[in-house]
Each structure stands twice: as C-alpha cells, then as structure tokens.
Amino acid sequence: MLTIAPEPIHSEDARALIADMLDLMRAMYGPDEEFGEIAQAQVTPPAGLFLVARLNGEAVGCAALRQLKPDIGEIKRMFVRDAARGQGVATRLLRQLEQQARDAGYAQIWLETGIYQPAAIHLYEREGYVRMPCAGYFGTEPPSVCYRKTLR
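Conventions and cut-offs
- Residues numbered from 1 in each chain as written.
- Predicted model: local features only at pLDDT ≥ 70, side-chain atom pairs only at ≥ 80, totals over all residues.
- Heavy atoms only, no water.
- Buried < 20%, exposed > 50% of the residue type's maximum accessible area, 1.4 Å probe, protein only.
- Helix = DSSP H or I, 4+ residues; strand = E, 2+ residues; numbered from the N terminus.
- Arc of directions from axis to C-beta.
- Contact = heavy atoms within 4.5 Å.
- Salt bridge = Lys/Arg side-chain N within 4 Å of Asp/Glu carboxyl O.

**Here's the deal with helix 3 (residues 118-126)**
And step 1. Among all positions in helix 3, only Ala 120, Ile 121, Leu 123 and Tyr 124 are buried. Mapping the buried residues of helix 3 onto a view down its axis gives an arc of 160 degrees, with all of them on the same face. In this structure, helix 3 carries Pro 118 and Ala 119 as exposed residues pointing more than 90 degrees from its buried face.
And step 2. Looking at the buried residues of helix 3, the elements they touch are strand 4 (72-80), helix 2 (89-103), strand 5 (108-114), strand 6 (130-132) and strand 7 (144-150).
And step 3. Positioned one or two residues after helix 3, Gly 128 has a phi angle of 95 degrees, which is positive.

**Re the pattern of salt bridges**
And step 1. Counting across every chain of the model gives 10 salt bridges.
And step 2. Arg 95 is paired through a salt bridge with Glu 127; the nearest N and O atoms lie 2.9 Å apart. With Arg 95 in helix 2 and Glu 127 in the loop between helix 3 and strand 6, this residue pair connects regions lying 32 residues apart in the sequence.
And step 3. The exposure class of Arg 95 is partly exposed, given its relative accessible area of 46%.
And step 4. Glu 127 gets classed as buried once you look at its relative accessible area, which sits at 11%.
And step 5. Linking Glu 98 and Lys 149 is a salt bridge whose minimum nitrogen-to-oxygen distance equals 3.2 Å. Taken together, the residues span a long stretch of sequence, with Glu 98 in helix 2 and Lys 149 in strand 7 at a distance of 51 residues. Here Glu 98 matches Lys 149 in class, with each residue buried.

The structure is reproduced here in structure tokens:
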C-alpha cells in the first residue's frame, strides 16, 4: 500500500532519501555538482511542503514544494528509490504537490531537472509541464532542463 504524507525535511527517513538522491545525481552529473540546501522553513505549509512516500511502510520517495515567487511554487527534491520505480509513486507525489500549490494560491509551478533523467522528463511532460528557459543558476548549467505548469 502506498501512503504519502508531510514530514519534516530533517527527519531520519527524509535525510536518507535526500542522501540517496544526491548520490544518484552526483553519479549522473559528476561529483563536483552542487545541490543547494533547503531549509525547513521553505517547505512548511502553507507556502511549502515536504512529502515522504511509503510503500508498505518503507520510505521510498520524497518531493518538496517551496515558494519561488508570490504566485509561483517550485518543486525540489523529487526522488523515488529504484525498487519503487514504475509503481506510480512519482506521479502521486507530483499530483499531491500540485494540489498543495493550488491550495497555497500559486498560479504556476516550476521545476528544474537534468538531461540525464529521461524518466523524469517523460513524467513531467506527460503531466502537462512545458519547457521553459532556465534562469538564474540553472540558466548557466548546460545539463539543466526547466519546466512550468499553469495551475489555474
């Protein structure tokens, strides 16, 4: 059974999931790649959220929503462990973040992923996200791919 619930980003399971995600990202993009920290305050309702997905009680995935601009939310730390992939975990996490973004009053939701993550790209495009130019730090990173989705 799959359950998804808010959890502090610094809980033991959340830290383990983020560590696994960072290990995977560094294996894909290089050991020197930087992945900034997210503070608990950024992922606290109503403006943000950190979710942990559990399959039969085991933590298998996570995702975060934080405020980027007053009317724009940003998805961060979207990750599902290998053993749970292909079971709808990422889709459920994404849809729950989108609902939280609507509830928080965001008009759009943005995200950044990488060119070496075709499954993530497929998920976002299937769920109605459209490519947009990357900005800020990601605008200078060639492996970055950025997306947005209008929520209302």
